[in-house]
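# Architecture and fold: a report
Here is what each chain is made of, one letter per residue.
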Amino acid sequence: MKVLVAVKRVIDYNVKVRVKPDNTGVDLANVKMAMNPFCEIAVEEAVRLKEKGVASEIVVVSIGPKAAQEQIRTALALGADRGIHIETDEEVQSLEAAKLLKSVVEKEEPKLVILGKQSIDSDNNQTGQMLAALTGMGQGTFASEVVVDGDKVNVTREVDGGLMTVALNLPAVVTTDLRLNEPRYASLPNIMKAKKKPLESISPADLGIEIAPRLSTLKVEAPAARQAGIKVADVAELVDKLKNEAKVI
Amino acid sequence: MSILVIAEHDNSSLKQATQSVVTAAKAIGGDVDVLVAGAGCGAVAEAAAKIEGVNKVLVADNAAYGHFLAENLSELVAEAGKGYSHILAAAGTTGKDFMPRVAALLDVAQVSDIIRVESADTFVRPIYAGNAIATVKSSDSIKVITVRPTGFDAAPAEGGSAAVEALDIVKDAGLSSFVGEEKAVSDRPDLASAGIVISGGRGMQNGDNFKMLEQVADVLGAAVGASRAAVDAGFVPNDMQVGQTGKIVAPQLYIAVGISGAIQHLAGMSDSKVIVAINKDEEAPIFQVADYGLVADLFEAVPQLEEELKKVV
Ligand SMILES: Cc1cc2nc3c(=O)[nH]c(=O)nc-3n(C[C@H](O)[C@H](O)[C@H](O)COP(=O)(O)OP(=O)(O)OC[C@H]3O[C@@H](n4cnc5c(N)ncnc54)[C@H](O)[C@@H]3O)c2cc1C
Ligand SMILES: Nc1ncnc2c1ncn2[C@@H]1O[C@H](COP(=O)(O)O)[C@@H](O)[C@H]1O
């Protein structure tokens, strides 16, 4: 079966994010960018499905500026077979991303679509669910285990109270949580091979979709900084402070 | 304006998060109705009707909603929510699952995880793991919003006397079914709403050592949380993870034990009133946000803490 994986280019998770002085956003100039960590997990899951003989082809898609091709190449080096880049320099919000992905789904007809549960920049946690709604598919969000079984997929989900397993008809959408797998690193030979794998570039207009954001960002501010407090000498002093100074116990 | 709040519950009791969402709804202004969707959830509807400030409670009681499957819930909410200006739910794993689906069915954006209401169309939300705070304005006709419960005080559980109406909409999308669940059972308070939380990280070394934290928690009536590293290592279950991609907590007192203080962890607890860090590395970033830092080996400090606390609480 064909698996479609959506990967997003985001700021590297190790980068200390700084808000721009004019409060219009965060400073992305000369900042290290990378594949969203949850998308790495999505790619890894697809590759494992292929290694198990469950998946036959892995198509990876990313929406974003030209540079997003780097993240597609990374996915190809990790084992995806071909890439689709939907190129745009505009800000793409989750609903638009879901609409663009929907048209790719209609064309490619994958049996399984795997996305990250959340982008670490917008922290939205929306796109997979929206894509599932728009395509009329079932969804297994925050997955920690994915088992394809005939024309169904069983997805174990990380939920507030513990774990929950659902069975979904295929085709279905899965969004990844941290414990689904541990992504591998791309080897040098595979990075070289990935350069030759097919990567098609299209525009939102090619898919007949106009990017019209519904949300406008009025300002972006730094969070209120917490003052570092004091160091206490020992446990007795700590308990005394909690009781008599902070009065929280 | 009229606002529909989707209750979070487990069919038998209402989650406190719902009361925080009611407060967010009141900050927007207008009538606040609550939708209780579930199976055998009559008691939840009664509880929702008592929340101060609730105008009306709608109950969709049907087996199709018993496990809160997003495919079914979203169709229900998209239909029931059509006459409303805003649809709100708590940003827990249930709300995060079905609300974006509702938004897509209504062809509107979702505003995720708001911590403040500026006006009926403008909301404040953290982005980049809380390293930036965005003010966003929505141009959609229906605003679909998830609310971070720690951003809003809980509306009083008593004081209201809303009418309860049955809602006869049955939606079974036929796309998904419930297979099973593994719920952590604990007598301790719920992590997300506990007044005191003690969390352990990789420094705990194994799951057995978490007993030390549980003993302190029992003295304080606290909940126990964890860092991602502790969950990934299998010390404790996933629902204990605090952070950007885990639970968001803002207790009166947060005690971080053997946790370095990565930004993804801070994103989940830095709004706590008082933060205590116990770490043997005095350079650990957690000390930059801690009100009280103790540089010590946790294996000595935590048992001592239990003894000292027993003397005073
Ligand atoms: C996409 C993504 C999402 C993430 N989401 C989350 C999240 O939601 N929550 C989260 O917590 N993390 C999250 N992380 C992980 C985060 O980046 C850190 O890796 C993690 O928080 C580290 O956990 P830790 O502090 O327990 O471990 P470490 O960083 O290894 O720190 C262990 C600490 O224990 C101390 N220690 C060791 N032994 C002792 C001892 N005997 N006595 C006292 N102190 C001791 C050490 O000095 C050290 O400071 C996420 C990461 C990514 C990439
Ligand atoms: N621009 C994009 N290109 C490709 N995939 C995306 C894009 N935006 C979101 N996604 C996918 O949707 C997931 C969740 O994103 P979000 O809803 O923005 O938190 C990501 O992990 C990706 O898998």
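Residues numbered from 1 in each chain as written. Chains lettered and ligands numbered in written order. Predicted model: local features only at pLDDT ≥ 70, side-chain atom pairs only at ≥ 80, totals over all residues. Heavy atoms only, no water.

An unreviewed UniProt entry annotates chain B as Electron transfer flavoprotein subunit alpha originating from Marinobacter zhejiangensis. Recorded under Sequence similarities (unreviewed entry), the UniProt text for chain B is reproduced unchanged: "Belongs to the ETF alpha-subunit/FixB family." (UniProt positions renumbered as here; feature names shortened; annotations may be inferred.)

Chain A is annotated in an unreviewed UniProt entry as Electron transfer flavoprotein subunit beta of Marinobacter zhejiangensis. Of the comments in the UniProt record for chain A, the one headed Subunit (unreviewed entry) reads "Heterodimer of an alpha and a beta subunit." You can read under Cofactor (unreviewed entry) in the UniProt record for chain A the words "AMP".

## Focus on the pattern of salt bridges
Following the criterion strictly, the structure yields 32 salt bridges over all chains and no others. Between A:Arg184 and A:Glu51 there is a salt bridge whose closest N-O contact spans 2.7 Å. Placement of A:Arg184 in the loop between strand E10 (172-176) and helix H5 (188-194) and of A:Glu51 in helix H1 (residues 37-51) is noted, with a sequence separation of 133 residues between them. B:Asp218 is the partner of B:Arg188 in a salt bridge, and the nearest nitrogen-oxygen pair spans 2.9 Å. With B:Arg188 in the loop between strand E11 (176-183) and strand E12 (196-200) and B:Asp218 in helix H5 (residues 210-220), this pair connects stretches of sequence that are 30 residues apart. Since its relative accessible area comes to 25%, B:Arg188 is described here as partly exposed. What emerges from the salt-bridge pattern is a single network uniting A:Lys2, A:Glu57, A:Arg82 and A:Glu108. (Salt bridge = Lys/Arg side-chain N within 4 Å of Asp/Glu carboxyl O. Helix = DSSP H or I, 4+ residues; strand = E, 2+ residues; numbered from the N terminus. Buried < 20%, exposed > 50% of the residue type's maximum accessible area, 1.4 Å probe, protein only.)

## Brief notes about the nonpolar core
By size, the foremost hydrophobic cluster in this structure holds 53 residues, and its most contacted members are B:Ile6, B:Leu35 and B:Phe98. Within the second largest apolar cluster, 46 residues are counted, among which are B:Ala45, B:Ala109, B:Ala134 and B:Phe152. (Core = buried A, V, L, I, M, F, W, Y, C linked by side-chain atoms within 4.5 Å.)

## Re the interface of chain B and chain A
Contacts between the two partners involve 86 residues from chain B, matched on the other side by 76 residues from chain A. Together chain B and chain A conceal approximately 6800 Å² of surface at their shared face, both sides included; 55% is due to carbon and sulfur atoms. When the area that chain B buries against chain A is broken down by residue, the three leading residues are B:Thr93, B:Tyr128 and B:Tyr292, summing to 11%. The interface formed by chain B and chain A contains 6 salt bridges. Between B:Asp97 and A:Arg157 there is a salt bridge, with its nearest N and O atoms 3.4 Å apart. For the pair chain B and chain A, the interface holds 48 residue pairs in polar contact (both at pLDDT 80 or more). Here the side of chain B that touches chain A is built from residues that sort into 39 nonpolar, 26 polar and 21 charged. By the bridge criterion, 3 bridges tie strand E13 (residues 230-232) of chain A to strand E16 (residues 292-295) of chain B in an arrangement that is parallel. Each bridged residue has a counterpart across the sheet, and for A:Lys231 the counterpart in E16(B) is B:Gly293. (Contact = heavy atoms within 4.5 Å. Buried area = accessible area lost by both parts, 1.4 Å probe. Polar contact = N/O pair within 3.5 Å; in protein donor to acceptor, adjacent residues only side chain to side chain. Nonpolar A, V, L, I, M, F, W, Y, C, P; charged D, E, K, R; others polar. Pairing = 2+ DSSP bridges.)

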